[in-house]
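Fold and contact review
As a plain string of letters, each chain reads:
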Amino acid sequence: MTTSPRVSTIRNVRPWGGPAADLHVADGAITAVVPHDPAAAALSTDPSTDGVVDGKGLLALPGLVNAHAHVDKSWWGKPWVSYGGEGGTQGRIAHERAHRDELGIPGVDVTLAVLRESVRTGTTAVRSHVDVDLGVGLRGIEVVREAAAALGGAVHVEIVAFPQDGVLRRPGVLELLEQAAAAGAEHVGGLDPASIDRDPVRQLDGLFGIAERHGVGVDVHLHDGGDLGAFQIELMIERTLRAGLQGRVNVAHGFAVGQLAPSRQADLVAAMGEAGITMTTVAPIGAVPLPLHALRDAGVDVGLGTDGIRDLWSPYGTGDLLTLTTQLARLSGFRHDEDLVTAARVASSDAARFVGRPVHDLVPGAPADVVLVDAENVPDAVVRAPRRALVVAGGRVVARDGEVLV
Ligand SMILES: [Zn+2]
């Protein structure tokens, strides 16, 4: 359980690079944002007693939101694991199933390690896919819940029950997903309904049926590109509208959207917006980037995530969402200030809905999740991803100067 200091005021910070302000905090939420008063009484130097934190004029951003993670399958904190096995989605699935047990995956210790590293770099809310399959059943979800609870609110975690090994092709998995939804998982996941299960209609009907019965969201990994991917998004749009699940359905990756010819892309993006479908990207190097501006203009909210972090799929990934924001901005060709600010919003305030929050920003009523960095302005922070000087989550100091306090 955390003993991190409770915050009452974060003084002298620059929210989103604006004028110096004081953030007042109570019960884990921001209650007021007022102009900083330098003439006010001398600061306490001991936040453990009165909860006043000196922000030293640093740039303040909302806590970063990792909208697509896999915190159950990392080997962060363990000795190096060399890459092995075959490539491709099927090859990585097989390799992971063959070797996860020897690494203690899923396990509370590995999940704690990756969550603590996330907190250290300013992530305060995560939507994590968690493997549900015939081998581990729902154990991974229990593990992630236990690890998140052990951090005492330093990071908010939403769960997607994720059928990494397929749905229909593994009889019994659909029932496990239904059990997960009944037991409190916020979303059910899917995986390439066409290329993995080879039956996109039945996989999606199964997932959407669970969503309707249990009031959970749907979040489908869709690597299938071009027309095959677009077709499956169309199937999701139809089912979203039919089930009244607007705002509850997400396409993860969705490389197809970036690959379509302009007119087809425009039609699909407009239909996604009308159905309230969202997207998450992990800004992968080498893929055609998503048309971020077109998506946002159409009302398709886009979240940014790390995907796997140092796991049996890939040795890459550190969980640092600000570094990933730099990557998203570069891949998207962003150079103008307003575009760089957009990238920062994708990684924080605009991702509220991906973690079940009505608001996640430096405004009254939002959770007191704040990251301070020594940067001139938001564009400077996005291109440089400086060290996180202070991380506050739920009104508590959870990391300071690169050190986790929980
Ligand atoms: Zn993923």
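Residues numbered from 1 in each chain as written. Predicted model: local features only at pLDDT ≥ 70, side-chain atom pairs only at ≥ 80, totals over all residues. Heavy atoms only, no water.

Within the protein, the zinc ion binds to H68 (NE2), H70 (NE2), H221 (NE2) and D307 (OD); these donor distances fall in the range 2.1 to 2.2 Å. Here the donor residues for the zinc ion map to a single chain with the spacing H-x1-H-x150-H-x85-D. Residue H68 is found in strand β5 (residues 64–69), and its partner H221 is found in strand β9 (residues 217–222); the two are separated by 153 residues along the sequence. This pair shows no difference in class: H68 is buried, exactly as H221 is. (Donors = N, O, S within 2.8 Å, 3.2 Å for Na, K, Ca; no water. Helix = DSSP H or I, 4+ residues; strand = E, 2+ residues; numbered from the N terminus. Buried < 20%, exposed > 50% of the residue type's maximum accessible area, 1.4 Å probe, protein only.)

Let us now look at the pairing of strand β11 (residues 278–281). Both faces of β11 are covered, namely the face carrying T278 and T280 and the face carrying M279 and T281. As paired elements, strand β10 (residues 249–253) and β11 share three bridges and run parallel to each other. Counted as the bridge partner of A252 is T280 from β11. Pairing of β11 with strand β12 (residues 302–304) involves three bridges; the strand directions are parallel. Counted as the bridge partner of M279 is V302 from β12. The parallel pair β11 and β12, bridged by helix α10 (residues 292–297), forms a crossover whose chirality is right-handed. (Pairing = 2+ DSSP bridges. Right-handed = clockwise from strand over helix to strand, strands pointing away.)

A few words now on the side chain of D165. With respect to the helices, strands and loops of the structure, D165 is situated in the loop between β7 (156–162) and α5 (173–182). For D165, the contacting residues outside a window of four places in its chain are I93, R97, D133 and R170. (Contact = heavy atoms within 4.5 Å.)

For the rest of this paragraph, the subject is the pairing of β7. Across the seven residues that make up β7, a large majority, six, are buried. With seven bridges joining them, strand β6 (residues 123–131) and β7 adopt parallel strand pairing. What sits directly across from V130, in β7, is A161. This β-α-β element, β6 to helix α4 (residues 139–150) to β7, shows right-handed connectivity. Once the chain exits β7 it traverses α5 before rejoining the sheet at strand β8 (residues 187–191), and the crossover so formed is right-handed.

What follows is about the sheet that holds β5. Taken together, the eight strands give an open sheet; going across it, the order is β5-β6-β7-β8-β9-β10-β11-β12, and neighbouring strands pair in parallel fashion. Each edge of the open sheet carries a strand with a single partner, namely β5 and β12. Taking the axes of each pair of neighbouring strands and ignoring which way they run, one obtains an average angle of 25° across the sheet. (Axes fitted to C-alpha atoms, helices over the stretch in contact; angles between N-to-C directions.)

Turning to the side chain of T121, a few remarks are in order. Summarising the element assignment, T121 is placed in the loop between α3 (108–120) and β6. With a relative accessible area of 6%, T121 lands in the buried category. Not counting chain neighbours up to four residues away, the residues in contact with T121 comprise L64, G319, D320 and R388.

Bringing the sheet that holds strand β1 (residues 9–15) into the picture now. Taken in spatial order, the eight strands make up an open sheet running β3-β2-β1-β4-β13-β14-β15-β16, and their pairing is mixed. The two strands at the open ends of the sheet, each matched to only one other strand, are β3 (29–35) and β16 (403–404). Sheet topology places β1 next to strand β2 (residues 21–26); three bridges connect them, and they run antiparallel. Along β2, the bridge assignment pairs T9 with H24.

Remark: the empty space left among the atoms is shown by a probe the size of a water molecule rolled over them. Looking at the largest pocket, its volume works out to about 850 Å³. Forming the boundary of the largest pocket are 31 residues, of which V282, T306, D307, G308 and S314 lie nearest the centre. Of all the secondary-structure elements, those providing two or more residues to the lining of the largest pocket are α2 (88–99) and α11 (321–331). Taken together, the residues of the lining of the largest pocket break down into eleven nonpolar, 15 polar and five charged. (1 Å grid on protein atoms, 1.4 Å probe; cavity = no way out; pocket = protein on both sides within 12 Å on 5 of 7 lines; lining within 4 Å. Points joined across faces, edges and corners; volume = space filled by probe spheres on them. Nonpolar A, V, L, I, M, F, W, Y, C, P; charged D, E, K, R; others polar.)

Here we come to empty space enclosed by the protein. Counted according to the given criterion, the structure contains three cavities of 30 Å³ or more. Taken as a whole, the largest cavity holds about 110 Å³ of empty space. Around the largest cavity, the lining residues are F255, T281, A283, P284, A287, V288, P289, L290, L292, L328, L331 and S332. A per-class count over the lining of the largest cavity returns ten nonpolar, two polar and no charged. As a volume, the second largest cavity reaches approximately 60 Å³. Its residues assigned to classes, the lining of the second largest cavity shows six nonpolar, four polar and two charged.

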